[in-house]
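Chain by chain, the residues:
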Amino acid sequence: MLIKMTQEAERAQMEAVCERIRGFGLTPTWIQADAPVTIGAVGAADAACFKPMLEGLPGVESVVPITEPYKLVSRTLRRDPSVIRLGEDVAIGGGHFVMMAGPCAVESEEQILRIAHAVKQAGARVLRGGAFKPRTSPYTFQGLGEEGLRLLALAREETGLKIVTEVMTPEHLDAVCEAADILQIGTRNMQNYFLLRRVGAVRKPVLLKRGMSSTLEELLLAAEYILAEGNPDVILCERGVRTFETQTRNMLDLGGVARLREMTHLPLVVDPSQASGRRSLVPPLSRAAVAAGADGLIVEVHHAPEQALSDGAQSLTLEQFGQVMRSLAPYLAAEGKHMESAAAVAAGCSR
Ligand code: PEP
Ligand code: MN
C-alpha cells in the first residue's frame, strides 16, 4: 500500500502511521520524504485489507493499494528508476549504462588478465567470469572454483574493473563476496528461494538472471525475495527463454525487456551471449537491447574463442567486442543514456 499524507501533515502524524503499519506486521518505508510525504507499507500478500484502518488516521490523504503481487520492486511503489552504485565510481540505471564483459569461465591467470585488460581498454567497467560454473553435463569444465575467485580478485586489483561472478550455493557465499562486486544468480537458480534470501541478507548488488522458462512476474517475485530481506540493489538480467526455436540457443525476449521497464524501477541488463549461442548474433542483439531500454549488457568475450573451455561459440573476439562498443553510441544517444565512466558518476548520482 501507498499511504499519501496531506501537504500539511505533521511529523508526529507520520510516525503514528508508521507505528500502525508496524502493528499490522507490515514494514513502513519512506517513498517520498518531502511534503506531501508518501509512506509505503509492505510485508504481506493481503496488506490491502488494512486500508480502511489507515484511511481514517489524522494527516492521511489517501491509501492506494499496490495491486501487483510484487511490491518493493514495483513501479507503482517507486516511479523513478533505481540507480545502483557498483562500488565508489560506477552506477547503473536511470541513464547510467554499464558494459559488463569477459569470458564465460575463468580459465587461467594469463587468460583472465589478458581479457580483462582488453575489455577495460574498450570501455567495459565490469569484468564477468565464472569461477563456479553450472554446466549441463557433469563431464564438462566445471570452473576453477576458489582458484577462479582468486584470479578474479587479481584482475580487479590489476585493472580496477568491478567483478561479477556467479554464486551457486550459500556454502560459497562468503568466498564469492570477497572477490565479487556483484553476485550473479544464474538462470538455473532464479527460483532457489533459499539462496535468494541469503543474498538478500548481504550488502552487495545482485545480478538476477531470468529463469529460462520463467515469466516476468516470476522474475520480479524472485527479486522481491531479495529486496524483502533488506538488499535493495538488484539488477535484473534478461538472457533469453526456452522456445521451440533451434536456430538460437534461447530466444531473447525484447518485448519482455520493454515490458519490465514499465513494471519495475530496478535496472535491467541483457545477456545477448546466452540468448543467442552464436557470436554473429551478439552485435545486432546488443544494439536491439539498448533500443528496448536495457541499462547495460553482459557479454562473453574471449581472446581465442575456439579454445575456450565453455561457450566459445557465443564469445566475441577482443576485436569484435571493440566494434560492438563503438557501434552502441548512436543507440545510447537515442535513448538518452550514457556509457558509464568514472567522470560521469563523479558528476552526481543519487539513489
Ligand atoms: C553465464 O553467464 O555464463 C551463465 C551460465 O548464464 P545463465 O545462468 O544465464 O545460463
Ligand atoms: Mn556462458
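Structure: see above.
One structure accompanies this document, and this report is about it. (Residues numbered from 1 in each chain as written. Chains lettered and ligands numbered in written order. Predicted model: local features only at pLDDT ≥ 70, side-chain atom pairs only at ≥ 80, totals over all residues. Heavy atoms only, no water.)

With that settled, consider the packing of helix α7 (residues 216-228) against helix α8 (residues 254-263). Axis separation between α7 and α8 bottoms out at 11 Å; the angle between their running directions is 50°. The angle between α7 and α8 falls in the class oblique. Of the two elements, α7 crosses α8, and the hand of that crossing is right-handed. Of α8, the residues touching α7 (which contributes L216, L219 and L220) are G256, R259, L260 and M263. The residue inventory of the contact of α7 with α8, partitioned by class, reads five nonpolar, one polar and one charged. (Axes fitted to C-alpha atoms, helices over the stretch in contact; angles between N-to-C directions. Helix = DSSP H or I, 4+ residues; strand = E, 2+ residues; numbered from the N terminus. Parallel < 35°, antiparallel > 145°, perpendicular 65-115°, else oblique. Left-handed = near helix turned anticlockwise from the far one by under 90°. Contact = heavy atoms within 4.5 Å. Nonpolar A, V, L, I, M, F, W, Y, C, P; charged D, E, K, R; others polar.)

All right, on to the site of ligand 1 then. In the vicinity of ligand 1, the residues found are C104, R128, K133, Q184, G186, T187, R188, K209, R239, Q274 and E300. A distance of 3.1 Å separates an oxygen atom of ligand 1 from a polar atom in the side chain of R188. At 2.9 Å, a side-chain N or O of K209 approaches an oxygen atom of ligand 1. When the residues that make up the shell around ligand 1 are grouped by side-chain class, the tally is one nonpolar, four polar and six charged. (Near = heavy atom within 4 Å. Polar contact = N/O pair within 3.5 Å; in protein donor to acceptor, adjacent residues only side chain to side chain.)

With that out of the way, let us pick up the coordination of the manganese ion (ligand 2). Protein coordination at the manganese ion (ligand 2): the donors are C104 (SG), E300 (OE) and D311 (OD), at 2.1 to 2.5 Å from the metal. On the primary sequence, the residues serving as donors to the manganese ion (ligand 2) are separated as C-x195-E-x10-D. With E300 in strand β14 (residues 296-300) and D311 in the loop between β14 and α11 (318-327), the pair connects residues that are 11 residues apart, well separated along the chain. (Donors = N, O, S within 2.8 Å, 3.2 Å for Na, K, Ca; no water.)

Within the sequence span of helix α6 (residues 193-200), burial applies to L195, L196, V199 and G200. Along the axis of α6, the buried positions cluster into a sector of 140°, meaning they face one direction only. For α6, the secondary structure elements touched by its buried residues are α5 (173-179), β10 (182-185), β11 (206-209) and α7. (Buried < 20%, exposed > 50% of the residue type's maximum accessible area, 1.4 Å probe, protein only. Arc of directions from axis to C-beta.)

The two faces of β11 match: V206 and L208 on one face and L207 and K209 on the other face are all buried. Between the parallel elements β10 and β11, the chain passes through α6 in a crossover that is right-handed. Sheet topology note: the β11/strand β12 (residues 234-238) ladder contains four bridges and is parallel. Bridging from a neighbouring strand, K209 pairs with C237 of β12. Assessed by its sense of winding, the connection that carries the chain from β11 through α7 to β12 is right-handed. (Right-handed = clockwise from strand over helix to strand, strands pointing away. Pairing = 2+ DSSP bridges.)

Let's shift gears to the packing of aromatic side chains. Counted by the stated rule, this structure contains two aromatic pairs. An angle of 5° between the planes, with centres 4.3 Å apart, marks the rings of F24 and F50 as stacked. With F24 in the loop between α1 (11-23) and β2 (27-32) and F50 in the loop between β3 (38-42) and α2 (51-55), this pair connects stretches of sequence that are 26 residues apart. Residue classification places F24 among the buried residues on the basis of a relative accessible area of 19%. Ring centres of Y193 and Y225 lie 4.5 Å apart, and the angle between their planes is 25°; on these two criteria the pair is classed as stacked. Residue Y193 is located in helix α6, and its partner Y225 is located in helix α7; the two are separated by 32 residues in the primary sequence. (Phe/Tyr/Trp six-rings, centres within 6.5 Å; stacked < 30°, edge-to-face > 60°.)

All right, on to the pattern of salt bridges then. With the rule as written, the count across this model stands at 17 salt bridges. For R125, the salt bridge goes to D89, with nearest N and O atoms at 3.5 Å. Separated by 36 residues along the polypeptide, R125 in the loop between α3 (109-122) and β8 (126-128) and D89 in the loop between β5 (84-86) and β6 (90-92) bring together distant segments of the chain. Overall, the relative accessible area of 15% leaves R125 in the buried class. The class for D89 is partly exposed, based on a relative accessible area of 26%. The residue D181 makes a salt bridge to R156 at a minimum N-O spacing of 3.1 Å. (Salt bridge = Lys/Arg side-chain N within 4 Å of Asp/Glu carboxyl O.)

Keep in mind these numbers describe shape, not what the thing actually does.
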